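Residue-level structure breakdown
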Number of protein chains: 2
Amino acid sequence: MFNAVRVRHFENMQYPEPIAKLIDSYTKLPGIGPKTATRLAFYTLGMNEEDVQDFSKALISAKTDLTFCSICGNITATDSDPCVICRDQSRDQSTIFVVENSRDVMAMENTRDYHGLYHVLNGVISPSAGTGPEDINLPSLIRRLSEHEEIKEVIVGTNANAEGEATAMYLARLLKPAGIEVTRLAHGLAVGSDIDYADELTLIKAVQGRTKL
Amino acid sequence: MFNAVRVRHFENMQYPEPIAKLIDSYTKLPGIGPKTATRLAFYTLGMNEEDVQDFSKALISAKTDLTFCSICGNITATDSDPCVICRDQSRDQSTIFVVENSRDVMAMENTRDYHGLYHVLNGVISPSAGTGPEDINLPSLIRRLSEHEEIKEVIVGTNANAEGEATAMYLARLLKPAGIEVTRLAHGLAVGSDIDYADELTLIKAVQGRTKL
């Protein structure tokens, strides 16, 4: 009951405008409610001036100095298009790894185990959300494949959920007839994980995809 | 094991500089690790331009357009010192509520049940952290009390932990001889809470402070 009262009045709070506005801005970030936003705003007041200046500039810079690579759709500095990966001729030009967003590229690069190219969809096909193939960075993949005959394999690395699977199926149906090998990341147990914590579907997939020792 | 590998390489990530810098800034906030910072940075890229501009300006404004009230130490706009509470002559000038920070003032104001004045210490006495009475906004409280004989009571609303209690004890010992009534917020059960969830110390305090029905 006490909490309910506090929360109700919380919206009426009258902080001085400069901090109220900062709280407001923090609240716009995902997963940050009014309580956390207030905590962050007061923390900001105590930060050293240079860090706050950097933060302020970084926000603007991220909005203005970044663009999507004109080849693969990965995020890149405006003055560095095509992106470093697309420009790197030492990478395997025969394989394209298709992912949903730039963070997936980073996750993959961090494994240091893949040396081909990428294509970032910046979305997924989602009939329920009304997102079709034309709404994501897919037409440019088709164009890329038709212009570069050296591409032999497309690895579909969309997420392992309904939309990711739908996008993978769409790509497979579209590209296979063109003689391009389309592969999908394996389903299975996470390395180091316990079998009894795995969900049933994952376990079924892990059995189906079992490998010889 | 997989996670360990990911985290290790995470620090080597090579995002384009504009977003890397923004991730870096978000990471400086309390409770925000590299993963969350990355998520927030990419979210920022998708925010509308105006919101990002506002956010950027609010950061600078919070650092430059705010100051501590010259009377009570509460946070206030630079062009509004003394703060609105200190300037409000309709408030009860005989009572000062001493709190650790401006958020506590807001919490108290939100109850709409207190109409006296405040004094914000912007800290607590903490021998373990080497914070003495001179390091917080305490000397100005003493001055304030000596200059305003109409102040009859000081309610000590520091937090109910070791440092808060130490600060309360210090204030009591200092002010009582000067004939000022020093009171402390009651300990007890939170309204709406269950007795069996209360910790033992709180329960003991609640019994000691029991009131007649």
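What counts and what doesn't
- Residues numbered from 1 in each chain as written.
- Chains lettered and ligands numbered in written order.
- Predicted model: local features only at pLDDT ≥ 70, side-chain atom pairs only at ≥ 80, totals over all residues.
- Heavy atoms only, no water.
- UniProt positions renumbered as here; feature names shortened; annotations may be inferred.
- Buried < 20%, exposed > 50% of the residue type's maximum accessible area, 1.4 Å probe, protein only.
- Helix = DSSP H or I, 4+ residues; strand = E, 2+ residues; numbered from the N terminus.
- Arc of directions from axis to C-beta.
- Pairing = 2+ DSSP bridges.
- Axes fitted to C-alpha atoms, helices over the stretch in contact; angles between N-to-C directions.
- Contact = heavy atoms within 4.5 Å.
- Parallel < 35°, antiparallel > 145°, perpendicular 65-115°, else oblique.
- Left-handed = near helix turned anticlockwise from the far one by under 90°.
- Domains from an automatic or database assignment.

If you look chain A up in an unreviewed UniProt entry, it shows as Recombination protein RecR from Leuconostoc suionicum. The record in UniProt for chain A states the following under Function (unreviewed entry): "May play a role in DNA repair. It seems to be involved in an RecBC-independent recombinational process of DNA repair. It may act with RecF and RecO." UniProt lists a comment for chain A under the heading Sequence similarities (unreviewed entry), and it reads "Belongs to the RecR family."

Attention now moves to helix α2 (residues 17–27) of chain B. Restricting attention to buried positions, one finds in α2(B) the residues B:Pro18, B:Ile19, B:Leu22, B:Ile23, B:Ser25 and B:Tyr26. Looking straight down α2(B), one finds its buried side chains confined to an arc of 160 degrees; they lie on one side.

Residues and elements named next belong to chain A. Taken in spatial order, the four strands of this open sheet run β4-β3-β5-β6, and their pairing is parallel. Edge positions in the sheet fall to β4 (117–120) and β6 (181–184), since each of these pairs with one other strand and no more. On average, adjacent strands in this sheet sit at an angle of 25 degrees to one another, irrespective of strand direction. Across four bridges, the pairing between strand β3 (residues 95–99) and strand β5 (residues 153–156) is parallel. Bridging across to β5, Val-98 finds its partner in Val-156. Here helix α6 (residues 102–111) sits on the sheet and contacts β3 and β4; the angle it forms with β4, its principal contact strand, is near 155 degrees. Against the sheet, helix α8 (residues 162–175) contacts β3, β5 and β6, and its axis sits at roughly 165 degrees relative to β6.

Next up on the list: the packing of helix α3 (residues 34–46) of chain A against helix α4 (residues 49–64) of chain B. In contact at an axis separation of 9 Å, α3(A) and α4(B) are set at 60 degrees when each is read in the N-to-C sense. Here α4(B) runs oblique to α3(A), going by the angle between their axes. Crossing hand, α3(A) versus α4(B): right-handed. Contacts between α3(A) and α4(B) pair A:Thr44, A:Leu45 and A:Gly46 from the former with B:Leu59, B:Ala62 and B:Lys63 from the latter.

Partitioning chain A into structural domains gives domain 1 (17–59) and domain 2 (75–209). Taken over C-alpha atoms, the centre of domain 1 of chain A sits 36 Å from the centre of domain 2 of chain A.

Turning to the sheet that holds strand β4 (residues 117–120) of chain B, a few remarks are in order. All names here are of chain B. A sheet is described by the order of its strands in space; here four strands give the open sequence β4-β3-β5-β6, paired in parallel fashion. In this open sheet, the two edge strands, each paired with only one partner strand, are β4 and β6 (181–184). Neighbour-to-neighbour, the strand axes of the sheet open up by a mean angle of 25 degrees, direction not taken into account. On top of the sheet, helix α6 (residues 102–111) reaches β3 (95–99) and β4; it is set at about 155 degrees to β4, its chief contact. Across the face of the sheet, helix α7 (residues 139–147) comes into contact with β3, β4 and β5 (153–156) while running at roughly 150 degrees to β4.

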